[in-house]
Amino acid sequence: MERSQPCVALRDVSLFYRGDDGREVHALEGVSLSIAQGEFVAIAGPSGCGKTTILKLVAGLMPATRGQVLIDGAPVRGPQKNVGMAFQNPTLLPWRSALENVLLPLEVVAPHRHHFRSRQREYEARAQELLQLVGLDGFANKPPYQLSGGMQQRVSLCRALIHEPEILLLDEPFAALDAFTREELWGVLQSLWLARRCTVILVTHDLREAVFLANTVYVMSKRPGRLVHMTHIDLPRPRTLEQMFHTQFTDYVHEIYNRIGEVRV
Amino acid sequence: MKPNTLLRRAFPPAAAIALFFLAWELGCLAFNVDEFILPRPSVAIAAYFQWQEAIWPNALQTLFTTLVGLGLAIAAGTLIGALIGYSALLYDALYPLLVAFNSIPKAALVPVFVIWFGVGTLPAVLIAFLISFFPIAVNVATGIATVEPELRDVLRSLGASKLDLFAKVGFPRALPYFFASLKVAVTLAFVGSVVAELGASNRGIGNMMVIASSRFDVPLVFAGLIVVALMGIALYAAFAILERRVVAWAYR
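So, here is what we can say about the structure in this document. (Residues numbered from 1 in each chain as written. Chains lettered and ligands numbered in written order. Predicted model: local features only at pLDDT ≥ 70, side-chain atom pairs only at ≥ 80, totals over all residues. Heavy atoms only, no water.)

Here's the deal with the overall build of chain A
Within chain A one finds seven helices and 10 strands. For 265 residues, the compact-globule formula gives about 18 Å, and the C-alpha radius of gyration of chain A, at 19 Å, lands near that figure. Taking the principal axes of the C-alpha coordinates as reference, chain A spans close to 55 × 45 × 45 Å. Relative to its full complement of 265 residues, chain A shows a buried share of 54%. In chain A, of all internal contacts separated by at least 6 residues, the share reaching a separation of at least 24 is 69%. Carbon and sulfur atoms provide 48% of the accessible area of chain A, an area that totals close to 12,200 Å². Looking at charge distribution, chain A has the averaged site of its 29 positive side-chain charges lying 5 Å from that of its 28 negative ones. (Helix = DSSP H or I, 4+ residues; strand = E, 2+ residues; numbered from the N terminus. Rg over C-alpha atoms; globule rule 2.2 N^0.38 Å. Buried < 20%, exposed > 50% of the residue type's maximum accessible area, 1.4 Å probe, protein only. Contact = heavy atoms within 4.5 Å. Areas by Shrake-Rupley, 256 points an atom, 1.4 Å probe, with all protein chains shown as cover. Lys, Arg positive; Asp, Glu negative; His and termini not counted. Charge placed at Lys NZ, Arg CZ, Asp CG, Glu CD.)

As for unusual backbone geometry
Residues and elements named next belong to chain A. Geometrically, the link from Arg-223 to Pro-224 is a cis peptide bond, its omega value of -5° lying close to zero. Looking along the chain, the bond that leaves Arg-237 and enters Pro-238 is cis, with omega of -10°. Considering the arrangement of structural elements, one finds Pro-238 in the loop between strand E10 (227-232) and helix H7 (247-264). Notably, Asp-12 is not glycine yet its phi reads approximately 50°, a positive angle. In this structure, Asp-12 sits in strand E1 (residues 8-18). In this structure, Arg-197 is a non-glycine residue whose phi angle is positive, near 55°. If you trace the backbone, Arg-197 turns up in the loop between helix H5 (179-196) and strand E8 (199-204).

Thoughts on the packing of aromatic side chains
Residues and elements named next belong to chain A. Scanning the model with the defined rule gives 18 aromatic pairs over all chains in all. For the ring pair Phe-40 and Trp-193, a centre distance of 5.8 Å and an interplane angle of 70° mean the geometry is edge-to-face. Here Phe-40, found in strand E3 (residues 40-44), pairs with Trp-193, found in helix H5; they are 153 residues apart in sequence, far enough to count as distant. When sorted by exposure, Phe-40 lands in the same class as Trp-193, which is buried. (Phe/Tyr/Trp six-rings, centres within 6.5 Å; stacked < 30°, edge-to-face > 60°.)

Details of the interface of chain B and chain A
You'll often see interface size given as the accessible area lost when the parts meet. Taken residue by residue, the interface counts 17 residues in chain B and 22 residues in chain A. Between chain B and chain A, a total of about 2,000 Å² is buried, with carbon and sulfur atoms accounting for 70% of that surface. On the surface where chain B and chain A come into contact, there are three salt bridges. With a shortest N-O distance of 3.5 Å, Asp-153 of chain B and Lys-56 of chain A are connected by a salt bridge. On the surface where chain B and chain A come into contact, there are two residue pairs in polar contact (both at pLDDT 80 or more). Of all the secondary-structure elements, those providing two or more residues to the side of chain B that touches chain A are helix H6 (149-156) and helix H7 (162-200) of chain B. In terms of residue count, H6 of chain B provides more of the side of chain B that touches chain A than any other element does, six residues in total. Its residues assigned to classes, the side of chain B that touches chain A comprises eight nonpolar, two polar and seven charged. (Buried area = accessible area lost by both parts, 1.4 Å probe. Salt bridge = Lys/Arg side-chain N within 4 Å of Asp/Glu carboxyl O. Polar contact = N/O pair within 3.5 Å; in protein donor to acceptor, adjacent residues only side chain to side chain. Nonpolar A, V, L, I, M, F, W, Y, C, P; charged D, E, K, R; others polar.)

Re the sheet that holds strand E5 (residues 74-75) of chain A
Residues and elements named next belong to chain A. One open sheet accounts for four strands, arranged E2-E1-E4-E5; its pairing is antiparallel. Looking at the sheet topology across the chains shown, the edges are occupied by strand E2 (24-35) and E5. Bridge count for strand E4 (residues 66-71) against E5 is two bridges, and the pairing is antiparallel. Among the inter-strand pairings, Ile-71 is bridged to a residue of E5, identified as Ala-74. Lying on the sheet, helix H1 (residues 51-59) is in contact with E1, E2 and E4; it crosses E1 at an angle near 115°. (Pairing = 2+ DSSP bridges. Axes fitted to C-alpha atoms, helices over the stretch in contact; angles between N-to-C directions.)

What to know about a nonpolar patch on the surface
Where nonpolar side chains cluster on the molecular surface, the patch consists of Phe-31, Val-33, Phe-36, Ile-37 and Phe-216 of chain B and spans about 580 Å² of accessible area. With respect to the helices and strands, the residue Val-33 of chain B is situated in the loop between helix H1 (3-30) and helix H2 (41-86). (Patch = residues over 30% accessible without salt bridge, like charges linked within 9 Å, V, L, I, M, F, W, Y side chains within 5 Å.)

Notes on the pattern of salt bridges
One pass over the structure, following the stated rule, counts 16 salt bridges over all chains. Two residues, Arg-208 of chain A and Glu-183 of chain A, come together in a salt bridge whose shortest N-O distance is 3.2 Å. Of this pair, Arg-208 of chain A sits in helix H6 (residues 207-213) while Glu-183 of chain A sits in helix H5, placing them 25 residues apart in sequence. Using a relative accessible area of 33% as the deciding quantity, one classes Arg-208 of chain A as partly exposed. Ionic pairing is found between Lys-183 of chain B and Glu-243 of chain B, a salt bridge with its closest N-O pair at 2.9 Å. In this pair, Lys-183 of chain B sits in helix H7 while Glu-243 of chain B sits in helix H9 (residues 218-246), placing the two residues 60 residues apart along the sequence. Assessed through its relative accessible area of 4%, Glu-243 of chain B is described here as buried. Here the residues in one salt-bridge network are Arg-96 and Glu-107 of chain A together with Lys-168 of chain B, joined through shared partners.

So this is what it looks like as structure tokens:
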């Protein structure tokens, strides 16, 4: 593979912000990383270490105090349009059906918003296809409150992907789900990624989740957050839940676990 | 709705109203209350039928001033509510002023408005507007200010403008709050216009009640009160039905 320009790059990024109590918070210190086009990266670390902050910087929702955030070589200034986001909380709009929730980005993001009316059927078909891919065919017209937590999270993933973003930012999307649903959704996310091959940054505190899904796992220190370790996960795709019991898999988890143990003391 | 369920839903309030009138009627009879102090409902209703040709134009006048005042309150309340809901700065800046205005007894403003605008429809419209504006503004502001930050991030990361955010999230999310406030505001608006008509109008139910009481025609005063109450219920019900249709998602 030729070495092309990274899709996302952080160059020596530091971030200070004023917290709710008025005190200055030193969230990130000297973070540098570079993510290739189509790479799946997981960032793991103790809670409050600034993992979410990295996502906000990449999305352009907040500016870095020092250093540079680059997407496709261009510095990020202000909210990005080619990213999709999903959070721990599915944040669906309760007055819209599952399908209408998935369509929301197309009503907002350019250039789709300008043809939303004329191409509505086509867009709906695209949303239906995505819902099918995550196993929600037949639920398109249900309102969110009639869906389980896992189903809502699937809809949220579809919403993050409908406008075919180049970069998908996931902030602990499965943290609030029960263990069985969570592992099921790992499989769903993996097949979505294999189908779309977008660049993914997943923030998580679940190490098995990180190893199962990512090509590269970064470990962050506690605040101020620094990247202290990087592991390439060299496991064949598609990965199966069965593989989680193989020593190759558990060795990765164990190694990362030890690294996190080091930064927590 | 099936006729059967409609009947079942309508029965309890109808029965409660009937019981209320019955207790009033029997209480007046039992304690031999003078008609001049508190007329029995049957007498008040008889007065209504005796005077209905005079009552209706006045009732419509009151309904008109109430609706115009309420309409202004909806427009201004939604606008101010959206502004202070979106901007923490405007919220901090304007809230004390809004509370101060709302604390002023609206009846005390009637003579002021008479000096400014003379006797007529305008003071009644303005009082109805002022009294019903506050709950609408506060509720719309609450609905908009409590939009989940993640949802805001989702839309902002799509390049949504403030207007998009309002149209796609803020406004629909504020609608249940808006309708809740509307049900309070509509009854308050009636209070406002009738209070203003008592002293500052030559038309309307309030004015009719002043004339009736100056002739010691207490049954007609009570007939007027009942008409105002009925119009209040009718408008409240209209908004409640509209609410069920528009924000059905909030009731599950």
